[in-house]
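Chain by chain, the residues run as shown.
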Amino acid sequence: MKEDDGTGPPNRELYALLHLSPEASDEEIRRAYRQWAQVYHPDKYQAPHMKEIATENFQRICEAYEILSDENKRQIYDIYGMEGLNSGLELGPKLNKVEEIKEQLEKLKRMKEQQKMSALFLPKGSIVANLSLPQFLDGDGIMRGMAMASAVQSQLSKSSALSLSGNLGVEENSGAGAASAVFRHQIASDSTIEFMGSVGLGSLIGVQMTRQLSLHSTATLGIAKSFHDGSINLSNVWTRQLSETASGNIELLLGQQSSIGVGWQKKDQNTSAAGEFGTNSFGISARYTRRFSSKSHGRIAGRIGSAALEVEVGGGRKVSDFSTVRMLYTIGIRGIFWRFELHRGGQKLLIPILLSRDLNPVLATGAFVVPTSIYFILKKFVFKPYYLKREKQKALENMERTATQVQEARKAAAKAQQLLENVANRKRNKQQETGGLVITKAIYGNHKALKKGDELRETNDELASQVLDVTLPLNFLVNDSGQLKLHDGVKKSGIMGFCDPCPGEPKKLHVEYTYHGERYEVAVDDYEELIIPQIAHRV
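Residues numbered from 1 in each chain as written. Predicted model: local features only at pLDDT ≥ 70, side-chain atom pairs only at ≥ 80, totals over all residues. Heavy atoms only, no water.

**A word on the overall build of the protein chain**
Per the secondary structure count, the protein chain includes 11 helices and 23 strands. When the 539 residues of the protein chain are sorted by exposure, 34% land in the buried category. Within the protein chain, counting contacts between residues at least 6 apart in sequence, those at least 24 apart form 41% of the total. Surface summary for the protein chain: the accessible area is close to 31,900 Å², and the carbon and sulfur share equals 56%. (Helix = DSSP H or I, 4+ residues; strand = E, 2+ residues; numbered from the N terminus. Buried < 20%, exposed > 50% of the residue type's maximum accessible area, 1.4 Å probe, protein only. Contact = heavy atoms within 4.5 Å. Areas by Shrake-Rupley, 256 points an atom, 1.4 Å probe, with all protein chains shown as cover.)

Rendered as structure tokens:
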């Protein structure tokens, strides 16, 4: 069984198949299995083709029941899905807690990733070109300085890696550079050691060790000797996972420039925030990033201290699967800046432009308003039409690529519905006689296709191919009390008699029903809970 590749909670297909909540009890799992077995057991059918359909679906039901009724297997499935169950990991009887199972699976995952990375190079690099408009107007040229950095990492073995890096900086008539090497070795599942050396500006040699103290805490201890002034520097970093989305760290440095630093980071699906305080320059910095869509984000940051006082605002947009562009506006005691960034893979191009060293209010306002206005104009009349055209083309290509998969899924759903038909019709007739809940129409599929409403016709192949009639399976799922519930966080394409008619596209379920002679209508997202009947759905 394949897990969902789209957005939303993972590892829920088996719950959808048995029509269960992810929090279902053991008794509810047994009851659901018996209910589905009564419909799909092969011994209930005499005709060869019906027996074949029943056998195929009964195997799916048995597999789901076997996993969800086993405590250890269910815990693994909830965390890592079928991949975790098929990974070859053997769990001993002592592994009874979710944390213990998760830790073992993390180790296995790291091992597999290391095997894949073996003998591969991971290049990273950045180019920073500092430009100055005041300098250019004074006739001294626009280039204020330039810096380049490059690094490459090679996985030498499953537990060892070597990283080589170099950087070069030029400003006016002076320049400097350095080259460094870091050898990292995994000495245990929770410990690594690193040996590092650098020549050039700030030449040094050092070693540091990192150890995971607990499931949520990590400590790093390092010592380095500088060849520039002969000093010995000690470092100690403590990192603690504060919650699922937040972590904090404390950094202590002892040497020529001793300091204490405290940091905090929080990141979830749509936002990220970070804050830092350091005694080295007595500064505080904060950063907040908000994702507005899968392609665009905004950012605001601030720094205050003995050497800095500035505010930065801006945003970025993803222009391809591997490339992102950003524009940031900074105003502070150093002057007014624009900064353009291009990120592609592990490479970065950064272009800070100094507009003015003086905090002129008119220039400061214009430097913010003009590029912002240009961006929104271009977005409306250039970027948006282009992306809509490209998204439509990608959707058509995706339909062509998944056509065979969707066709097979539709056939499997039709077979599953065929065996549900008798029971579903019997339930529907009983509800009609008592004035109960009757599903008159239910369509599941691409939310854009469902918006077309009455335009959706069998003759419109493009729209019809992206939706599925699920009236029959929903009538089957109506309970004896005349109610229907689809559980929160469970992708609806996994429900028996459903399928995914448009892989990779956002989906909705549109339901029309009657209850006590009244008409009702409701539409819900793919992972959204549905409970009917409800007064709010009345037409």
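**Structural notes on the state of the cysteines**
Taken as a whole and assessed by the stated rule, the structure comprises 0 disulfides. For C499, which is in no disulfide, the shortest distance to another cysteine sulfur is to C502 and amounts to 9.2 Å. The exposure class of C499 is buried, given its relative accessible area of 4%. (Disulfide = S-S within 2.5 Å.)

**Focus on the pairing of strand β5 (residues 191-200)**
Pairing between strand β4 (residues 174-188) and β5: 10 bridges, direction antiparallel. What sits directly across from F183, in β5, is F195. Hairpin connection of β4 to β5: 2 residues between the antiparallel strands. With antiparallel pairing between neighbouring strands as the criterion, β5 and strand β6 (residues 204-212) make up a hairpin whose turn holds 3 residues, including G202 at a positive phi of roughly 75°. (Pairing = 2+ DSSP bridges.)

**Notes on helix α2 (residues 26-40)**
Since there are 3.6 residues in each turn of an α-helix, residues three or four apart along the chain are aligned in direction. The first and last C-alpha atoms of α2 sit 21 Å apart over 15 residues, in line with the 21 Å expected at 1.5 Å per residue. All of the buried residues in α2 are I29, A32, W36, A37, V39 and Y40. The arc that holds the buried residues of α2, viewed along the axis, is 155°, so those residues lie on one side. Contacts from the buried residues of α2 go to α1 (13-17), α3 (48-68), α4 (71-85), α8 (403-434) and α11 (471-477). (Expected span 1.5 Å × (residues − 1). Arc of directions from axis to C-beta.)

**Digging into the sheet that holds strand β21 (residues 507-515)**
What links the strands of a sheet is backbone hydrogen bonding, and the strands pair in either a parallel or an antiparallel sense. Read across the sheet, 4 strands follow the order β19-β18-β21-β22 without closing on themselves; strand pairing throughout is antiparallel. Only two strands of the sheet have a single partner each, and these edge strands are β19 (467-469) and β22 (518-525). Direction aside, the axes of adjacent strands within the sheet are offset by 15° on average. (Axes fitted to C-alpha atoms, helices over the stretch in contact; angles between N-to-C directions.)

**A few points about unusual backbone geometry**
Most peptide bonds adopt trans geometry, and most residues besides glycine take a negative phi value. The omega angle of the peptide bond from I532 to P533 is 5°, so this bond is cis rather than trans. On the secondary structure map, P533 appears in the segment after β23 (530-532). The phi dihedral of H516 falls on the positive side, at around 55°, and the residue is not glycine. The residue H516 is located in the loop between β21 and β22 in this model. Here H516 falls in the exposed class, since its relative accessible area comes to 55%.

**Some remarks on the packing of aromatic side chains**
Under the criterion given, the structure shown has 10 aromatic pairs. Note on Y33 and Y65: the rings are 4.2 Å apart at their centroids and 20° apart in plane angle, and the pair reads as stacked. Taken together, the residues span a long stretch of sequence, with Y33 in helix α2 and Y65 in helix α3 at a distance of 32 residues. Taking relative accessible area as the criterion, Y65 reaches 22% and is therefore assigned partly exposed. Every member of this aromatic cluster is reached through a ring pair, and the members are W36, Y40 and F476. Above the ring of F381, the side-chain terminus of K380 is found at 5.8 Å from the ring centroid. (Phe/Tyr/Trp six-rings, centres within 6.5 Å; stacked < 30°, edge-to-face > 60°. Lys NZ or Arg CZ within 6 Å of the ring centre and 35° of its normal.)

**Comments concerning the pattern of salt bridges**
Summed over the entire model, instances satisfying the criterion amount to 17 salt bridges. A salt bridge links D500 to K507, with the shortest nitrogen-to-oxygen separation between them at 3.3 Å. In this pair, the class of D500 matches that of K507, namely buried. The closest approach of N and O atoms between K508 and D525, which form a salt bridge, is 2.5 Å. One end of the pair, K508, is in strand β21; the other, D525, is in strand β22, with 17 residues separating them in the sequence. The class for K508 is partly exposed, based on a relative accessible area of 25%. (Salt bridge = Lys/Arg side-chain N within 4 Å of Asp/Glu carboxyl O.)

**Some remarks on the environment of E56**
Along the chain, E56 falls in helix α3. C-alpha separation for the pair E56 and A412, spaced 356 residues apart in sequence, amounts to 9.3 Å.

**Thoughts on the nonpolar core**
Formed by 55 residues in total, the largest nonpolar core has its most connected members in Y40, I439, L474, L509 and V511. Looking at this core, the element that brings in the most residues is α3, giving 8 residues. The residues that make up this core include at least three from each of domain 1 (1-94) and domain 3 (401-538). Setting aside residues up to four positions removed in sequence, L474 forms contacts with I439, A442, L484, L486, F498, L509 and V511. Formed by 7 residues, the second largest nonpolar core is a distinct cluster that contains L131, Y329, L355 and A364. (Core = buried A, V, L, I, M, F, W, Y, C linked by side-chain atoms within 4.5 Å. Domains from an automatic or database assignment.)

**Structural notes on the confidence of the model for the protein chain**
Confidence along the protein chain averages 87 in pLDDT terms, with 89% of residues attaining 70 or more. Note that residues 90-96 has pLDDT below 50 and, in this model, 9 contacts with residues that lie over four places away or in other chains. Here residues 454-459 is a poorly scored stretch, pLDDT under 50, and it has 6 contacts once near neighbours within four places are set aside; other chains count. (pLDDT = per-residue confidence, 0-100.)

**Here we look at α3**
Given a rise of 1.5 Å per residue, 21 residues ought to cover 30 Å, and the 30 Å separating the end C-alpha atoms of α3 matches this to within 8%. Of the positions making up α3, those classed as buried are M50, I53, A54, N57, F58, I61, A64, I67 and L68. Of the surrounding elements, those touching the buried residues of α3 are α1, α2, α4 and α8.

**Quick look at the packing of α2 against α8**
At a minimum axis separation of 9 Å, α2 and α8 run at an interaxial angle of 105°. On the basis of their axis angle, the class for α2 and α8 is roughly perpendicular. Of α8, the residues touching α2 (which contributes Q35, W36, V39 and Y40) are A416, L419, L420 and K427. Classifying every residue of the contact of α2 with α8 gives 6 nonpolar, 1 polar and 1 charged. (Parallel < 35°, antiparallel > 145°, perpendicular 65-115°, else oblique. Nonpolar A, V, L, I, M, F, W, Y, C, P; charged D, E, K, R; others polar.)

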